[in-house]
Amino acid sequence: MNHHLSVTVRVDLDLSTVRLAVTGCLTEDSYPSLLALTLRARSLTPSGQITVDLTGSSHVEATGLNLLRAAVDHDEDDSNGRPVLFVVPEPLPFCAITGAVATVSVR
Ligand SMILES: [Zn+2]
């Protein structure tokens, strides 16, 4: 089974805010897709607020989140873009796929 990532993009008509609502799994393998959408949002509204909302995610891998944040910060330096606001659930959720793998590896 694969970890699936789904993103719903909500854009205000005046482009003042863009919200990326993420569901599914943010992992080391899936973060590049979310990074591409985040950078696209930044180019869409260079002066607006971009929010990446992970509170609806079923799985957030710390490594994937850290790689995403580092890449967004790097782009911020290069493009003089506005900071991206990350809304992250605490503690980071992990999905049944990870739990099943962990259970098998413990035996
Ligand atoms: Zn997952």
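So, how was this worked out
- Residues numbered from 1 in each chain as written.
- Predicted model: local features only at pLDDT ≥ 70, side-chain atom pairs only at ≥ 80, totals over all residues.
- Core = buried A, V, L, I, M, F, W, Y, C linked by C-beta atoms within 7 Å.
- Buried ≥ 20, exposed ≤ 12 C-beta atoms within 10 Å, placed from the backbone.
- Helix = DSSP H or I, 4+ residues; strand = E, 2+ residues; numbered from the N terminus.
- Contact = placed C-beta atoms within 7 Å.

*Asks:* How should I be thinking about the nonpolar core in this particular structure?
*Replies:* Note on soluble globular proteins: their nonpolar side chains tend to be buried together. Ranked by size, the top nonpolar core spans 17 residues in total, and within it Val 22, Leu 26 and Leu 34 carry the most contacts. For this core, the elements supplying multiple residues, two or more each, are β2 (17-26), α1 (31-44), β3 (49-53) and α2 (62-79). It is β2 that provides the largest number of residues to this core, a total of five residues. Setting aside its immediate chain neighbours within four residues, Leu 26 contacts Leu 5, Tyr 31, Leu 34, Leu 54, Ser 57, His 59, Val 60, Glu 61, Gly 64 and Leu 65.

*Asks:* What should I look at first to understand unusual backbone geometry in this one?
*Replies:* Leaving glycine aside, a negative phi is the common case for residues, and trans is the common case for peptide bonds. The omega torsion of the bond from Glu 90 to Pro 91 falls at -5°, within 30 degrees of zero and hence cis. Residue position: Pro 91 is located in the loop between β5 (84-87) and α3 (96-106). Positioned with a positive phi, Leu 15 is a non-glycine residue whose angle comes to about 65°. If you trace the backbone, Leu 15 turns up in the loop between β1 (5-11) and β2. Residue Leu 15 is classed as partly exposed on the basis of its C-beta count, with 13 C-beta atoms lying within 10 Å.

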